[in-house]
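Breakdown of the fold
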Amino acid sequence: MTTEERIEASETRIFKAVFPNTTNHYDTLFGGTAMQLMDEVAFITATRFARKRVVTVSSDKIDFKKPIPAGTIVELIGKVAHVGTTSMKVNVEIYTEQMYSYERERAIVGDFTFVAIDEFKKPIQIL
């Protein structure tokens, strides 16, 4: 399988409902909760691409473009954006959807960097 085919095959999409127990006093999703969900999707994407142990080493700029209100559905999309020797960058976007309409918009975007490791937690080649 080529690198491009692996990137395509590893794209990850997860849907979640935003319930009140995950929101702040403004009735919008906590920023930290959004980042945790993004890191999880990025981890799954990186693992599906590398098929090796991977760990998060950094989260780059995360842009909170729109608040995510309680009572909406979110879709998280993870895509491998760059592959290095031992590391890879995964881009994650969060889209919001109203539950009772077809309205959809991008709310948050960010990048996460992962390193592939061996059983001794030392970096190893991804490809």
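Residues numbered from 1 in each chain as written. Predicted model: local features only at pLDDT ≥ 70, side-chain atom pairs only at ≥ 80, totals over all residues. Heavy atoms only, no water.

The condition that has to hold: UniProt positions are given in the numbering used here, feature names are shortened, and annotations may be inferred rather than shown by experiment.
In its Sequence similarities (unreviewed entry) section, UniProt records this for the protein: "Belongs to the acyl coenzyme A hydrolase family."

Points about the pattern of salt bridges
Between side chains of opposite charge, a pair can form when the charged atoms approach closely. So the rule is basically this: Should a side-chain nitrogen of Lys or Arg be within 4 Å of a carboxyl oxygen of Asp or Glu, the pair is scored as a salt bridge. A run of DSSP states H or I qualifies as a helix once it reaches four residues; a run of E qualifies as a strand once it reaches two. Both are numbered from the N-terminal end. Remark: exposure states derive from per-residue accessible area (1.4 Å probe, protein chains only) relative to the maximum for the residue type, with buried under 20%, exposed over 50%, and partly exposed in between.
As enumerated under the stated definition, the model contains 8 salt bridges in all. Note that Lys89 is salt-bridged to Asp60, the shortest N-O span being 2.9 Å. Remark: Asp60 occurs in strand E2 (residues 53-64) and Lys89 occurs in strand E4 (residues 87-98); sequence separation between them is 29 residues. Here Lys89 falls in the partly exposed class, since its relative accessible area comes to 28%. A relative accessible area of 28% means that Asp60 is categorised as partly exposed. The salt bridge involving Arg106 is made with Glu93; its shortest N-O contact spans 2.9 Å. Pair noted here: Arg106 is in strand E5 (residues 104-117) and Glu93 is in strand E4, with a separation of 13 residues, a long-range link. Judged by relative accessible area, Arg106 falls into the partly exposed class, the value being 33%. Salt bridges sharing common partners tie together Glu11, Arg13, Glu75, Glu97 and Arg104.

Here we look at the nonpolar core
Formally: In these notes, a set of buried Ala, Val, Leu, Ile, Met, Phe, Trp, Tyr and Cys residues joined through side-chain atoms within 4.5 Å is what counts as a nonpolar core. By definition in these notes, contact holds between two residues if any of their heavy atoms fall within 4.5 Å.
In terms of nonpolar packing, the biggest core is built from 26 residues, with Met38, Ile68, Met88, Val90, Ile94, Ile108 and Phe114 touching the most fellow members. Residue assignment for this core shows that the elements contributing at least two residues are helix H2 (31-50), E2, strand E3 (72-83), E4 and E5. It is H2 that provides the largest number of residues to this core, a total of 8 residues. Contacts of Ile94, omitting those with residues within four sequence positions, involve Ala34, Met38, Ile68, Val74, Glu75, Leu76, Glu105, Arg106, Ala107 and Ile108.

Some words on the UniProt feature "domain: HotDog ACOT-type" (unreviewed entry) in the protein
When the UniProt feature table is mapped onto this chain, "domain: HotDog ACOT-type" (unreviewed entry) is found at residues 8-120. As a span, residues 8-120 carries 20% helix and 50% strand, and end to end its C-alpha atoms are 30 Å apart.

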